[in-house]
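Below are the chains, spelled out letter by letter.
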Amino acid sequence: MLQDKINETNQLPPNSAFFIPYSMQMGVGLLAFLRTIPAEAGRDAWVTVILSGFITLAIMAIIFRLLETERKFGRPDLFSIHQRLFGKWIGGLLNFLALVYIAIHGVAFLRTYFQVINVWIFPQLPVWEFSILFCLLLWYIVLGGIRVIGGICFMSFIILVIMMPTNAFAVQYAHFSNLLPLFETSPFMVLKSFITAAQSFGGFEMILFFYPFIKKPEAARKWGYFALLTSTYTYLTIMLLSLLYFNQPELQKLLWPITTYWKRINFPLFSHFDIIGIFSIFWILLPSIAFSVWAISRGIKHLFPVKQKIALIFVLIIFVVLCQIPKNGGDLILLNQLYTQAAFYFMYAYIPCLFLIQWISGKVRQKSS
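Quick caveat, the model's predicted, so the values are computed rather than measured.

## Structural notes on the overall build of the protein chain
Counting secondary structure elements, the protein chain contains 15 helices and 0 strands. In terms of overall dimensions, the protein chain is globule-like: its C-alpha atoms have a radius of gyration of 21 Å, near the 21 Å expected for 369 residues. Within the protein chain, the proportion of its 369 residues that are buried is 56%. For the protein chain, the exposed surface amounts to about 16600 Å²; the carbon and sulfur share of it is 70%. Counting 27 positive and 14 negative side-chain charges, the protein chain places the centres of these two groups 9 Å from one another.

Here it is in structure tokens:
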């Protein structure tokens, strides 16, 4: 179990349980979900968003129960839970797999954002050049510690709040008939689209890694729930406005519908609002990838006898290398599908199973004592 004391200067306020999970959910998911969810659920995609929001709230409740129970035994995070329940070797293997999952999350988001930059702004920019520059920025941020990442998450939230009013431009072109008839999609297709939505709603489970750094963890629960309600509201608003603005055939043809929508917004002084929108996605996406790098480097520190600063350099080199693997759009789609499947099983299957194992272990311990 990990029992090293966390210095108060490295601790986060309780409201970080709002800003970090919310920022982790935003990012590339904003670009993709307007196409991927309606591809299965059609005009009832808004139902999938509401369903995903309620189920993630249930999973968040399970996560808080997991962590609060673990506080009695030592450091309340996923690394400690694995080691206590499964022992050194199996627990170490599960921790390594958790790091692989976080790496898939970070690389998928980083490589997808580069693809957007490559298509819309810098078509001649090489992957290696962009990934090295981005990773140098990540190195500077993560080196500052978890509180710097928390500050970036807060800035990301502010930028997203500033960007949200741009959705109002869709209202004047809304076709409410696009939502009719209601509830025509079969329950099976809605459930299928729910699996697809894991890419957009994933990220909140990262509280399993930063929970020990919260100064008053007992006050974090309400902030965590508020974060998921806010992200569900954000996704639901964008989904409804997009369904009203685009018709179904148009949504399926567009790779990133929100960037196409931004391209149609015109201001007297800004003829290319889509460029501003894409650069704003950079700041919305930055905390998600920065936190992934921080969590992996910290996990390596506890798996192997190496300092986190050294592990950080190793992780960034791995990110640069992995970003070179997808060569085209087809490879990138496969990478995002891999992350979607991994996020679905990790959030909705593994976390409840882990909670059940922890509960059984507690009952056995109580009976034996």
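## Some details on the packing of helix H6 (residues 146–163) against helix H13 (residues 273–303)
Interaxial distance between H6 and H13 falls to 9 Å at its minimum, and their mutual angle equals 155°. For the element pair H6 / H13, the angle class is roughly antiparallel. For the element pair H6 and H13, the recorded crossing hand is left-handed. Judged by residue contacts, Ile146, Ile149, Ile152, Cys153, Met155, Ser156, Ile159, Leu160 and Met163 of H6 engage Phe273, Gly277, Ser280, Trp283, Ile284, Leu286, Pro287, Ala290, Phe291 and Trp294 from H13. Across the contact of H6 with H13, the residue classes break down as 16 nonpolar, 3 polar and no charged.

## Side note on empty space enclosed by the protein
Applying the stated rule across the entire model yields 2 cavities of 30 Å³ or more. What the largest cavity holds in volume is close to 100 Å³. Contributions of two or more residues to the lining of the largest cavity are made by H6, helix H12 (257–263) and H13. Here the lining of the largest cavity is composed, by residue class, of 9 nonpolar, 3 polar and no charged. As a volume, the second largest cavity reaches approximately 80 Å³. Lining the second largest cavity are Leu34, Asn167, Ala170, Ile238, Leu241, Ser242, Tyr245, Phe246, Pro257, Ile258 and Tyr261. Elements with a minimum of two residues in the lining of the second largest cavity: helix H10 (220–245) and H12. Among the residues forming the lining of the second largest cavity, the class breakdown is 9 nonpolar, 2 polar and no charged.

## Some points on the state of the cysteines
Note on terminology: a disulfide is the covalent bond linking the sulfur atoms of two cysteines. Taken as a whole and assessed by the stated rule, the structure comprises 0 disulfides. Its sulfur unpaired, cysteine 153 is 17 Å from the next cysteine sulfur, which belongs to cysteine 135.

## With respect to the confidence of the model for the protein chain
The predicted model of the protein chain averages 89 in pLDDT, with 98% of residues at 70 or higher. Mean pLDDT per element in the protein chain: H12 is the minimum at 82, and helix H3 (residues 45–70) is the maximum at 95.

## A word on the packing of aromatic side chains
Counted according to the given criterion, the structure contains 34 aromatic pairs. Look at phenylalanine 18 and phenylalanine 19: their rings are 5.0 Å apart centre to centre, the planes differ by 85°, and that puts the pair in the edge-to-face class. Phenylalanine 18 gets classed as buried once you look at its relative accessible area, which sits at 4%. Assessed through its relative accessible area of 14%, phenylalanine 19 is described here as buried. A ring pair is formed by tyrosine 101 and tyrosine 339, whose centres lie 6.3 Å apart and whose planes are at 20°; its orientation type is stacked. Taken as a pair, tyrosine 101 in helix H4 (residues 78–120) and tyrosine 339 in helix H15 (residues 329–368) lie far apart in primary sequence, 238 residues in all. A single burial state applies to tyrosine 101 and to tyrosine 339, both of which are buried. Aromatic ring contacts, followed pair by pair, group Phe18, Phe19, Tyr22, Phe154, Phe157, Trp223 and Phe226 into a single cluster. Over the aromatic face of phenylalanine 73 sits the side chain of arginine 84, whose NZ or CZ is 3.9 Å from the ring centroid.

## Observations regarding a nonpolar patch on the surface
Taken together, the side chains of Trp139, Tyr140, Leu143, Ile313, Ile317 and Val321 present a nonpolar region at the surface, about 610 Å² in accessible area. Those elements that provide at least two residues to the nonpolar patch are helix H5 (127–143) and helix H14 (308–323).

Conventions adopted
Residues numbered from 1 in each chain as written. Predicted model: local features only at pLDDT ≥ 70, side-chain atom pairs only at ≥ 80, totals over all residues. Heavy atoms only, no water. Helix = DSSP H or I, 4+ residues; strand = E, 2+ residues; numbered from the N terminus. Rg over C-alpha atoms; globule rule 2.2 N^0.38 Å. Buried < 20%, exposed > 50% of the residue type's maximum accessible area, 1.4 Å probe, protein only. Areas by Shrake-Rupley, 256 points an atom, 1.4 Å probe, with all protein chains shown as cover. Lys, Arg positive; Asp, Glu negative; His and termini not counted. Charge placed at Lys NZ, Arg CZ, Asp CG, Glu CD. Axes fitted to C-alpha atoms, helices over the stretch in contact; angles between N-to-C directions. Parallel < 35°, antiparallel > 145°, perpendicular 65-115°, else oblique. Left-handed = near helix turned anticlockwise from the far one by under 90°. Contact = heavy atoms within 4.5 Å. Nonpolar A, V, L, I, M, F, W, Y, C, P; charged D, E, K, R; others polar. 1 Å grid on protein atoms, 1.4 Å probe; cavity = no way out; pocket = protein on both sides within 12 Å on 5 of 7 lines; lining within 4 Å. Points joined across faces, edges and corners; volume = space filled by probe spheres on them. Disulfide = S-S within 2.5 Å. pLDDT = per-residue confidence, 0-100. Phe/Tyr/Trp six-rings, centres within 6.5 Å; stacked < 30°, edge-to-face > 60°. Lys NZ or Arg CZ within 6 Å of the ring centre and 35° of its normal. Patch = residues over 30% accessible without salt bridge, like charges linked within 9 Å, V, L, I, M, F, W, Y side chains within 5 Å. Salt bridge = Lys/Arg side-chain N within 4 Å of Asp/Glu carboxyl O.

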